[in-house]
Amino acid sequence: MSFEAWIIFVLFWVVFVTTPGPNAVNCISNGMSLPFSRAMIGVLAILTQATAFLILSALGVTALITASPTAFFVAKLIGAGFLVYLGVRGWINASKPAPTEVRPARHVYLHALAIATINPKSVAGYLAAFSQFVQPDVSIWAQMSVIMPTALTLTALSYTGFTTLGAVMGKAALGAVFNTWVRRVMAICFIIYGVLLGASSTPQPRG
């Protein structure tokens, strides 16, 4: 991955993991109601889910590249379309109240893992993102040596930030993070990424 491509990936991932959603609500809730060290168990659960989804996404993209460059290109378009969908949905939902989650304190890790796993953005978003940034003519695992630590670091920073917000600001954090215009800006970012990345050319694998 070139430095320029890495910068683009970083900017995308920042938007991806800072867009308010169920994970953010759960982290803020943990920060509000639990000792900080215990609340961070929720972040660990999100990182567990992220690691698994990163590996599964890499395997899926590798299979597509091996099967057919055309299939990879189609997946790229579908991924771009999904990013646009996330943006449109985010814009529509921007004025709605922040979602709430029932969270038994005794099961912080498993509850956070479940929320992260069933989150629609997580389920399809990882493959959508990978189809935009992975280069078919470069070993997927060579690229993963850059992508995975970058993604996990940004994910950890983002959800540690949400947890800290909950601990410091309490309920006021939900109002700040889920401000309508903040959510709409994030939504626009997804739409722009989807359009630009979907329109970009796809390198062909070397024969």
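Small disclaimer: the values here were computed from a predicted structure and weren't measured.

A.B. asks: Which residues make up the overall build of the protein, and what values go with them?
C.D. replies: In terms of regular secondary structure, the protein is built from nine helices and zero strands. Secondary structure elements of the protein occur, N-terminal to C-terminal, as α-α-α-α-α-α-α-α-α. Sequence-distant contacts, at least 24 apart, represent 88% of the contacts inside the protein between residues at least 6 apart. Accessible surface, the protein: about 9,800 Å² in total, of which carbon and sulfur atoms supply 73%.

A.B. asks: How would you summarise the packing of helix α1 (residues 3-18) against helix α7 (residues 140-169) if you had to cite specific residues and measurements?
C.D. replies: Each pair of packed helices can be described by the angle between their axes along with the distance between the axes. Packing of α1 against α7 leaves a shortest axis separation of 9 Å and a crossing angle of 35 degrees. Relative to α7, α1 is oriented so that their crossing is right-handed. The residues of α7 that touch α1, namely those facing Trp6, Phe9, Val10, Trp13, Val14, Val17 and Thr18, are Val146, Ile147, Thr150, Ala151, Leu154, Thr155, Ser158, Tyr159 and Phe162.

A.B. asks: Please provide a residue-by-residue account of the nonpolar core, values included.
C.D. replies: Judged by nonpolar contacts, the single largest core of 29 residues is most densely connected at Trp13, Leu54, Tyr126 and Tyr159. Every element with two or more residues in this core is listed here: α1, α2 (22-33), α3 (36-67), α6 (120-133) and α7.

A.B. asks: Got a sec to walk through the packing of α2 against α7? Specific residues and values, please.
C.D. replies: Packing of α2 against α7 brings their axes to within 6 Å, and their N-to-C directions diverge by 45 degrees. On the basis of their axis angle, the class for α2 and α7 is oblique. Remark: the crossing between α2 and α7 carries right-handed chirality. Between α2, through Asn23, Ala24, Cys27, Ile28, Gly31 and Met32, and α7, the contact on the second element is made entirely by Tyr159, Phe162, Thr163, Gly166 and Ala167. Per-class residue counts for the contact of α2 with α7 are seven nonpolar, four polar and no charged.

A.B. asks: Just give me the short version of the UniProt feature "transmembrane region" (unreviewed entry) in the protein, but keep the residues and values in it.
C.D. replies: Following the UniProt record, the feature "transmembrane region" (unreviewed entry) maps to residues 6-28, 40-65, 71-88, 108-128, 140-169 and 181-199 here. Here residues 6-28 is 87% helix and 0% strand, with 29 Å between the C-alpha atoms at its ends. As annotated, residues 140-169 comprises 100% helix and 0% strand, and the C-alpha atoms at either end are separated by 41 Å.

A.B. asks: Can you lay out helix α5 (residues 108-118) for me, pointing to particular residues and giving the numbers?
C.D. replies: Since one α-helical turn is 3.6 residues long, residues separated by three or four positions face the same way. Among the residues making up α5, those that are buried are Val108, His111, Ala112, Ile115 and Ala116. End-on view of α5: buried residues confined to an arc of 130 degrees, all on one side of the axis. Exposed residues pointing more than 90 degrees away from the buried face of α5 are listed as Leu110 and Ile118.

A.B. asks: So, the environment of threonine 51: which residues are in play, and what are the values?
C.D. replies: Tracing the sequence through the fold places threonine 51 in helix α3. Take threonine 51: its relative accessible area is 28%, and that puts it in the partly exposed class. Separated by 101 residues in the primary sequence, threonine 51 and leucine 152 place their C-alpha atoms 7.4 Å from one another. Not counting residues within four places of it along the chain, the set of residues in contact with threonine 51 comprises Met148 and Leu152. Separated by 2.9 Å, the side chain of threonine 51 and the backbone oxygen of leucine 47 make a polar contact.

Rules of the game
Residues numbered from 1 in each chain as written. Predicted model: local features only at pLDDT ≥ 70, side-chain atom pairs only at ≥ 80, totals over all residues. Heavy atoms only, no water. Helix = DSSP H or I, 4+ residues; strand = E, 2+ residues; numbered from the N terminus. Contact = heavy atoms within 4.5 Å. Areas by Shrake-Rupley, 256 points an atom, 1.4 Å probe, with all protein chains shown as cover. Axes fitted to C-alpha atoms, helices over the stretch in contact; angles between N-to-C directions. Left-handed = near helix turned anticlockwise from the far one by under 90°. Core = buried A, V, L, I, M, F, W, Y, C linked by side-chain atoms within 4.5 Å. Buried < 20%, exposed > 50% of the residue type's maximum accessible area, 1.4 Å probe, protein only. Parallel < 35°, antiparallel > 145°, perpendicular 65-115°, else oblique. Nonpolar A, V, L, I, M, F, W, Y, C, P; charged D, E, K, R; others polar. UniProt positions renumbered as here; feature names shortened; annotations may be inferred. Arc of directions from axis to C-beta. Polar contact = N/O pair within 3.5 Å; in protein donor to acceptor, adjacent residues only side chain to side chain.

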